[in-house]
Amino acid sequence: TVFATKNLVLDSPLLGIGNVTVSAVQAGTNAAGGQVILNNPTNTITGSVIIATNGNLALVGSAGLSNSVMVDVQLGGVLDVTARTAATWQLLSGQTLKGNGVIRGNLNTASGSILSPGASIGILTSTNAGTTVTLGGTTIMEINRGATPNCDRLAGTTNIFGGTLTVN
């Protein structure tokens, strides 16, 4: 469905076992379209959530993705949690967050969760003034001396380190 620069607000919960891909591109261009806004706290989708290039997924209030096994914020994609309670998203035990995209708002990773910046090598960026990334799970980073760039990065205003760092 083409929404151009309009937002798609989903007040009903996302239910099921399949994957969800958020891709928002204006028709006939490669420019970003509107946001897909999840506004329901009872989302139970258990598949992966992929936020593709130019995709913009916003979580509002207490809406979350607590049953999704993986969230992949791809290069040019945005996961916006600034309208969530405390502008924070919690990555829970058993969940993986990866990608080269942008997280708008605060991010906390719980024990048993996995944070893997990049799609192989790349940068996962946490933005907005005062943004804090609090690491409590496993963070997996890669280094490749022959590549440019040569390592993964987690870019944020403030990073509070904890949990386990695995470097491949």
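These lines cover the structure that appears in this document, whether it is placed above or below. Bear in mind that the values here come from a model prediction, so they are computed numbers and not experimental data.

Structural notes on the overall build of the chain
No. 1: Within the chain one finds 0 helices and 18 strands.
No. 2: Looking at the chain residue by residue over its 168 residues, the buried ones come to 42%.
No. 3: Sequence-distant contacts in the chain: of pairs separated by 6 or more residues, those separated by 24 or more amount to 55%.
No. 4: As displayed, the chain offers around 8,000 Å² of accessible surface, 55% of which is attributable to carbon and sulfur atoms.

Some words on the pattern of salt bridges
No. 1: Considering all chains together, one arrives at 1 salt bridge under this definition.
No. 2: The residue Arg-104 makes a salt bridge to Asp-80 at a minimum N-O spacing of 3.8 Å. Separated by 24 residues along the polypeptide, Arg-104 in strand S10 (residues 102-104) and Asp-80 in strand S7 (residues 78-80) bring together distant segments of the chain.

What to know about the side chain of Asp-80
No. 1: The class for Asp-80 is buried, based on a relative accessible area of 9%.
No. 2: A distance of 2.6 Å separates a polar atom in the side chain of Asp-80 from a polar atom in the side chain of Thr-82.
No. 3: When near neighbours in sequence (up to four residues on either side) are disregarded, Asp-80 contacts Gln-35, Asn-56, Leu-57, Ala-58, Leu-59 and Arg-104.

Focus: the nonpolar core
No. 1: In this structure, Leu-57, Leu-65, Val-71, Leu-79, Trp-89 and Leu-97 are the most contacted members of the largest nonpolar core, which totals 23 residues.
No. 2: Where this core is concerned, the elements lending two or more residues are strand S3 (36-38), strand S4 (49-51), strand S5 (56-59), strand S6 (70-73), strand S8 (88-91) and strand S14 (132-135).
No. 3: Look past the residues within four positions of Leu-65 in its chain and what remains in contact with it is Leu-38, Val-49, Leu-57, Leu-59, Val-71, Trp-89 and Gln-95.

Here's the deal with the pairing of strand S11 (residues 106-109)
No. 1: In this structure, S8 lies alongside S11, joined through 4 bridges in parallel fashion. Each bridged residue has a counterpart across the sheet, and for Gln-90 the counterpart in S11 is Asn-108.
No. 2: Pairing geometry for S11 and S14, over 3 bridges, is parallel. Bridge pairing links Leu-107 to Val-133 in S14.

Observations regarding the environment of Ala-87
No. 1: In this fold, Ala-87 is placed in the loop between S7 and S8.
No. 2: Distance in space between the C-alpha atoms of Ala-87 and Gly-61 is 8.8 Å, their sequence separation being 26 residues.
No. 3: Excluding residues that lie within four positions of it along the chain, Ala-87 makes contacts with Val-81, Thr-82, Gly-105 and Asn-106.

Notes on the environment of Leu-14
No. 1: Its place among the elements puts Leu-14 in the loop between strand S1 (8-10) and strand S2 (20-22).
No. 2: Distance in space between the C-alpha atoms of Leu-14 and Asn-43 is 4.8 Å, their sequence separation being 29 residues.
No. 3: Not counting chain neighbours up to four residues away, the residues in contact with Leu-14 comprise Leu-38, Asn-43, Thr-44 and Ile-45.

Digging into the sheet that holds S11
No. 1: One open sheet accounts for 4 strands, arranged S8-S11-S14-S17; its pairing is parallel. Looking along the sheet, the strands with just one partner apiece sit at the ends: S8 and strand S17 (158-160). Between one strand axis and the next, the sheet turns by 10 degrees as a mean value, whatever way the strands run.
No. 2: As paired elements, S14 and S17 share 3 bridges and run parallel to each other. Opposite Val-133, over in S17, you have Asn-159 as the bridge partner.

What counts and how
All residue numbers refer to position in the chain's written sequence, counted from 1. pLDDT decides what is reported in this predicted model: residues at 70 or higher carry local features, side-chain atom pairs at 80 or more are listed and counted, and totals for whole chains, interfaces and linings draw on all residues regardless. Hydrogens are left out, water is left out, and the side-chain values use all remaining heavy atoms of the structure. Secondary structure counts use DSSP, requiring at least four H or I residues in a row for a helix and at least two E residues in a row for a strand, with both numbered from the N terminus. The rule is simple: take the accessible area with a 1.4 Å probe, protein chains only, and divide by the maximum for that residue type; under 20% is buried, over 50% is exposed, in between is partly exposed. Between two residues, a contact is recorded if the distance between any of their heavy atoms is within 4.5 Å. What sets the accessible areas is the Shrake-Rupley method with a 1.4 Å probe; for residues, cover comes only from the shown protein chains. For this analysis, a salt bridge means a side-chain nitrogen from Lys or Arg found within 4 Å of a carboxyl oxygen belonging to Asp or Glu. Under this definition, polar contacts are N or O atom pairs within 3.5 Å; protein pairs additionally need one hydrogen-donor-capable and one acceptor-capable atom, and for neighbouring residues in sequence, both atoms have to be side-chain atoms. As used in this record, nonpolar core signifies buried Ala, Val, Leu, Ile, Met, Phe, Trp, Tyr and Cys residues forming a set joined through side-chain atoms within 4.5 Å. Pairing between two strands is assigned when DSSP locates at least 2 bridges connecting them. In this description, a line fitted to the C-alpha atoms serves as the axis of each element, helices being fitted only across the stretch in contact, and the angle between N-to-C directions of two axes falls anywhere from 0 to 180 degrees.

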